[in-house]
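A closer look at the structure
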Amino acid sequence: MDGFVIAVDRGRYTCVLAGAEHGVAGAELPTVTAMRARELGRKSVVVGDRVSLVGDTSGAQGALARIVRIAERRSVLRRTADDDETTAEGRLERVVVANADQLVIVSALADPPPRTGFIDRCLVAAYDADVEPLLCLTKADLAGPQEVLGYYTELELPYVLNRPDSDLDALRTLLGGRVSVLVGHSGVGKSTLVNRLVPEAARAVGVVSAIGRGRHTSTSAVALRLPPIAGVDTDPGWIIDTPGIRSFGLAHVSADSLLHGFPDLVEGTVDCPANCQHTADEPQCGLDAWVAAGKADPRRLASYRRLLASRAGDGDARGESDQRGPGEGDRRGPDE
Ligand SMILES: Nc1nc2c(ncn2[C@@H]2O[C@H](COP(=O)(O)OP(=O)(O)OP(=O)(O)O)[C@@H](O)[C@H]2O)c(=O)[nH]1
Ligand SMILES: [Mg+2]
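These numbers were taken from a predicted model, which means no experiment stands behind them.

1. Focus: the UniProt feature "binding site: Zn(2+)" (unreviewed entry) in the protein
UniProt annotation of "binding site: Zn(2+)" (unreviewed entry) refers to Cys272, Cys276, His278 and Cys285 when read in the numbering used here. For cysteine 276, the location among the structural elements is in the loop between α7 (263-266) and α8 (286-292). Excluding residues within four positions of it along the chain, cysteine 276 makes contact with Glu282 and Cys285. With respect to the helices and strands, the residue histidine 278 is situated in the loop between α7 and α8. Leave out the neighbours within four places in its chain, and histidine 278 touches Leu259, Thr269, Cys272, Cys285, Leu287, Tyr304, Arg305 and Leu308.

2. Some points on helix α2 (residues 116-129)
Because each turn of an α-helix spans 3.6 residues, side chains separated by three or four positions in sequence point in the same direction. Here α2 spans 20 Å end to end across 14 residues, near enough to the 20 Å set by a 1.5 Å rise per residue. Those residues of α2 not exposed but buried are Thr116, Gly117, Phe118, Ile119, Asp120, Arg121, Cys122, Leu123, Val124, Ala125, Ala126 and Ala129. Downstream of α2 by a residue or two, aspartate 130 has a phi angle that is positive, lying close to 60 degrees.

3. So, the confidence of the model for the protein
Overall, the prediction assigns the protein a mean pLDDT of 85, with 86% of residues at 70 or greater. With pLDDT under 50 throughout, residues 210-214 is counted as low confidence; its partners more than four residues away or in other chains account for 11 contacts. This model gives residues 315-336 a pLDDT under 50, and the stretch forms 52 contacts once residues within four places in sequence are excluded.

4. Some remarks on the pairing of strand β8 (residues 102-108)
Counting buried positions along β8 yields seven of seven residues, so the element is predominantly enclosed. Here β8 shows a buried face lined by Gln102, Val104, Val106 and Ala108 and a second buried face lined by Leu103, Ile105 and Ser107. Pairing analysis gives seven bridges linking β8 to strand β9 (residues 132-138), with the strands arranged parallel. Note that in β9 the partner of valine 104 across the bridge is leucine 134.

Rules of the game
Residues numbered from 1 in each chain as written. Chains lettered and ligands numbered in written order. Predicted model: local features only at pLDDT ≥ 70, side-chain atom pairs only at ≥ 80, totals over all residues. Heavy atoms only, no water. UniProt positions renumbered as here; feature names shortened; annotations may be inferred. Helix = DSSP H or I, 4+ residues; strand = E, 2+ residues; numbered from the N terminus. Contact = heavy atoms within 4.5 Å. Expected span 1.5 Å × (residues − 1). Buried < 20%, exposed > 50% of the residue type's maximum accessible area, 1.4 Å probe, protein only. pLDDT = per-residue confidence, 0-100. Pairing = 2+ DSSP bridges.

See below:
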């Protein structure tokens, strides 16, 4: 039988059987617990995977099925522990989720403050994974979005604003018919949003801790079926809540692909000499003139160059957006 992996916990995979996934409005979906069959070898199974199951797929108490195959993934959202692929941490790659159609980048407008460096990294990861980005700005009751939106004006980046009492219709429409994954720092309100979208989800919600202290309320990714959209007959989609992340390492993204996360800069490179690396010390790089002519925000170019430098293992690459306090964090990494 075919299934869709909605949760992973200590070697046990919770799957919804194909067919049941479009199940009854608002009802809890029947699930099957499974383990990996030995023949999968070292291939990891992640939330969002479409799998083939054998054995006891009754879903009865104590029943355990086996995952014998992982279907080809439509998309794979990855991150690494570090940006530099020459280090062990840079090679440590984590698959965040499989088969997502949309990456919802959740950033609070305050508490914790927004970090465009982190959002830029998420955008690079989204374009690299061929997943559409959606910027979701939470805690709009605490601060305005002008500054963040101003930074992205050239991008036509779709966004939604959220506050505790805001209407979720626009967001539900954007989530309809697809699998969306929420990513963001701890405390930005991912689970709060999931609970509003899927009231029976009852995801644990935490108090905001200092970023980097490692107090994460959610500890694993979980996919939840969205309830039907009122008055519309279409598929409401799936939403995947994930644990807050401190960093979005991009060691797996090639230097060329990094530029795809900066569509506002791409055109500025057409007159660059062949093999231009677009770094600040490239005398002929077209990006300086592009920005000087007002075609893109200089902060975007600076962010792109920080990422380029960070991949090269330049220790100063984290840039101005890192605001961790003293005593926090154990190593230099791509946190922003
Ligand atoms: N003022 C305000 N507070 C909010 C809003 N959304 C969430 N919060 C609060 O922010 C805190 C953290 O919310 P969570 O939903 O647990 O954050 P999270 O992103 O799931 O965090 P992790 O699971 O640790 O990654 C909670 O105290 C929420 O009540 C909002 O729109 N406005
Ligand atoms: Mg959470």
